[in-house]
Amino acid sequence: MKVRPITTVKTVVADIEEAGRGIKLFTLVDPDRWELPPFKPGAHIDLHLPNGLVRTYSLCNEPADNTRYVIAVKREAEGRGGSRVLHDEVRPGDVIGVSLPRGGMTPDARIARYVFVAGGIGVTPFLSMARHLERTEQAGFTLHLIVREEVPLAAHLGALIEEGRVVVHRTSRTGRPDLAALVGEGGSDTLVACCGPEGMTDDFERQTAAWPAANVHVERFVAPPPVIDPDAKPFTLLLARSGMEIEVRAGQTMLAALQEGGVDVATSCCGGICGACKVGWIEGKPVHRDRILSPYERERYLMVCVVGSDADRLVLDL
Amino acid sequence: MLDTVSAGSAHNATQLGWTGVVRFLHFTPRAFLPMRAAEQINLVAGRGIEGDRYMIGNEEGFYSHKPEEGRQVTLFELETLVALKRDAGIELRPEEHRRNVTVEGVPLNHLVGRRFWLGETLLEATRLSVPCRHIEEITGKAIFDPLINRSGLNCKILQGGLVKVGDIVRNAA
Ligand code: FES
C-alpha cells in the first residue's frame, strides 16, 4: 500500500441531526473516539468533502468538549455546493478529513462583557463562545440574534433565550434593529463581535469604527483570506519528467501546490532544515529559503517546502 | 586540538557515566491528534509502540511519506523543555513535543548509532529527530527554531517490553 502524506485530521460522521428548516448539525469524531486537536471558542475548520470541495464551517460545540467537532450547516440551494453535498450525500459513518481548527478568540481576562450580534445561521461561531462563557463564568455576554422569523438551531438556543442571554430580533415583526443601540458604547472591557450576511457586517463595522480595534471582531461566512506575503507572486511549475503543469498561488507553498496536484514529495520538517523534500531544478529563479543547501547545491537543487520563485515559471526535475 | 578534546568528551559521555530516567510517556494513534499520557507503554520489537501512530503495519498512521523503521519510538530530553522556558520563554508541555518518551539525564544527541536500555527494552538510535513546522501549527507556539538540534532521537526497537515512568535508561555497552 502506498503511503501518502497525511495533511488532514481524519474524522467520521457520528451523527446528523435536523436542526430547523434547512439546517443540519453534523457531529464529527475520531474513529476511535480519541480526543481531537483543541480549538478556541469561535474557531472554524475546513472540511475536505468527498467530492474534493474544501469548505469552512464554525465549530459550535463547547471547546472543553474535546472529542467532537460539531458544525451547523444550512443548505444553500444556490450556494457553491458544499452545503448541498453535506445535506444530500454525507451519511453517518462517512470519513471526512478536516483541517486543524483555526481562529476563534483567546479568552481575555480584561474583557468583562461580550456583545455578540448574529444574523441567522451566523449564530454558529457564537454558540461555542456562549457555551464557553456560560461554563467558565469568566465574563457576561449577550447574543443578539437577528432573524427574519424562524430561529435557527432553536432547540440549542432555547435555554439561553429563556435566560435572556440570547435576545431574538425578528425583522418580519419589528423591522431591523438599530445596531448602534445593540452594541452600545464602546469600552475597553467590552468586546463586540458580529457574524452574518455582508450587509450586516458592513453596518456593524461602521457602527464600531471608533472602537479600539482589539475590542471589535468580525466573523465572515467565507474564510478570511490567508495572510499573504505582500511580495509573493503566483507562478507556474513545470514538471520536466511528467510534463505536468502546476500553478502555485500567491502565498501558497510549492509543497502544498504539488500535494494538491497529487504529486507526492517526501517531507519531514516542512521548514527547510531536514532535506527530505530536496528536488532538482532545471530552469527558473528559485528563491531559496532553506537553511542547509550550500551555494553550489542551490544551483541544482531546491527545498520545495520553503522555496519561492522570482520568475513566472520554474522547471523541476520531477 | 579543541576538536580532539570535544570529540573525546562526547565519546566519554556515551561510553561512561550517564544514567537517565524515564519521566513521561505519550502516544497517539494518528497524525495531529493530541498525545495521551501513559504510566506505561508497550514496545513491540521491530514495529513500534502499541497504539501509536508510528507502529509499523499501521500505515494509516504515518504522517511522513514512508513508514520508517528507525522511528518506532522517539525520545526527547526533559532538559530541552527547561531550556526552552529559560532561553525562549516558551512553556512546552511534555505532550506537546510529540515524542513518545521524555527522559532526563540522557545525552540523546550523542547516541546516534548506539544501543541503550530503556527500562527492560533495548533500543538502537537511528537518527536525530528534526523539528517540523506541523508542530508549530498544532501547539500554536513558535518552537521550530529553538528546537533545531535538540528535537529528540528516533530509535528502532531491538528488544521489546513494557516501559514505565521512572524506568532507568542506560548505555548498552
Ligand atoms: S521537508 Fe525538510 S527541508 Fe523540506
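Residues numbered from 1 in each chain as written. Chains lettered and ligands numbered in written order. Predicted model: local features only at pLDDT ≥ 70, side-chain atom pairs only at ≥ 80, totals over all residues. Heavy atoms only, no water.

## Some remarks on the overall build of chain B
Let me state the cut-off plainly: Under the DSSP-based scheme used, a helix requires at least four consecutive residues in state H or I and a strand at least two consecutive residues in state E, with every element numbered from the N terminus. Each residue is assigned to one of three classes by its accessible area relative to the maximum for its type, calculated with a 1.4 Å probe on protein chains only: buried under 20%, partly exposed between the two thresholds, exposed over 50%. It only takes one pair of heavy atoms within 4.5 Å for two residues to be counted as in contact. Each accessible area is a Shrake-Rupley result for a 1.4 Å probe, and residues are judged covered by the shown protein chains and nothing else.
Secondary structure assignment for chain B yields 3 helices and 11 strands. Counted from the first residue to the last, chain B has its helices and strands arranged as α-β-β-β-β-β-α-β-β-β-α-β-β-β. Residues classed as buried in chain B amount to 50% of the 173 residues present. Taking as baseline every contact in chain B between residues at least 6 positions apart, the subset at least 24 positions apart corresponds to 74%. Surface summary for chain B: the accessible area is close to 7,600 Å², and the carbon and sulfur share equals 52%.

## Section: the packing of aromatic side chains
What counts here: Side-chain rings of Phe, Tyr and Trp (the six-membered ring for Trp) are treated as a pair once their centres are within 6.5 Å; stacked means planes under 30 degrees apart, edge-to-face means over 60, and tilted covers the remaining angles.
Under the counting rule described, the total for this entry stands at 5 aromatic pairs over all chains. Taking the centre distance of 5.4 Å and the plane angle of 70° together, the rings of Trp 34 of chain A and Phe 27 of chain B count as edge-to-face. In this pair, Trp 34 of chain A sits in the loop between strand 2 (23–29) and strand 3 (44–48) while Phe 27 of chain B sits in strand 1 (residues 19–27), so the two residues belong to two different chains. A single burial state applies to Trp 34 of chain A and to Phe 27 of chain B, both of which are buried. Relative to Phe 126 of chain A, the ring of Phe 116 of chain A has its centre 4.8 Å away and its plane inclined at 15°; by these criteria the two rings are stacked.

## Some points on the UniProt feature "domain: FAD-binding FR-type" (unreviewed entry) in chain A
Applicable threshold: UniProt positions are given in the numbering used here, feature names are shortened, and annotations may be inferred rather than shown by experiment.
The sites that carry the UniProt feature "domain: FAD-binding FR-type" (unreviewed entry) are, in the present numbering, residues 6–108 of chain A. Helix makes up 7% of residues 6–108 of chain A and strand 36%, with an end-to-end C-alpha separation of 34 Å.

## Digging into the sheet that holds strand 4 (residues 48–49) of chain B
Residue and element names in this part refer to chain B. The cut-off we apply is this: Paired strands are those between which DSSP finds at least two bridges.
Across the sheet, 3 strands lie side by side as 4-3-10; this open sheet has antiparallel pairing. Whereas interior strands pair on both sides, the edge strands pair on one side only; in this sheet they are strand 4 and strand 10 (161–164). Where strand 3 (residues 40–44) meets strand 4, 2 bridges bridge the pair, whose relative direction is antiparallel. The partner of Leu 43 across the bridge, within strand 4, is Ile 49.

## Here's the deal with the domain arrangement of chain A
Size of an interface, as often reported, equals the accessible area lost when the parts are brought together. Applicable threshold: An automatic or database domain assignment provides the domain bounds reported here.
Segmentation of chain A into domains returns domain 1 (8–99), domain 2 (113–220) and domain 3 (235–316). Centre-to-centre, using C-alpha coordinates, domain 1 of chain A lies 33 Å away from domain 3 of chain A.

## Regarding the sheet that holds strand 7 (residues 113–119) of chain A
All names here are of chain A. Going by this rule: Helix axes use the C-alpha atoms of the stretch in contact, all axes being lines fitted to C-alpha atoms, and the angles between their N-to-C directions lie in the range 0 to 180 degrees.
Taken together, the 5 strands give an open sheet; going across it, the order is 9-8-7-10-11, and neighbouring strands pair in parallel fashion. Looking at which strands have only one partner, the edges of the open sheet turn out to be strand 9 (166–170) and strand 11 (216–219). Ignoring strand direction, the axes of neighbouring strands in this sheet form an average angle of 15°. Both strand 7 and strand 8 (residues 140–147) contribute to a ladder of 7 bridges, which runs parallel. Residue pairing in the sheet places Val 117 in a bridge with His 144 of strand 8. Lying over the sheet, helix 2 (residues 124–136) contacts strand 7, strand 8, strand 10 (190–195) and strand 11, oriented at roughly 155° with respect to strand 7. Strands strand 7, strand 8, strand 10 and strand 11 of the sheet are contacted by helix 6 (residues 198–207), whose axis makes an angle of about 155° with strand 10.

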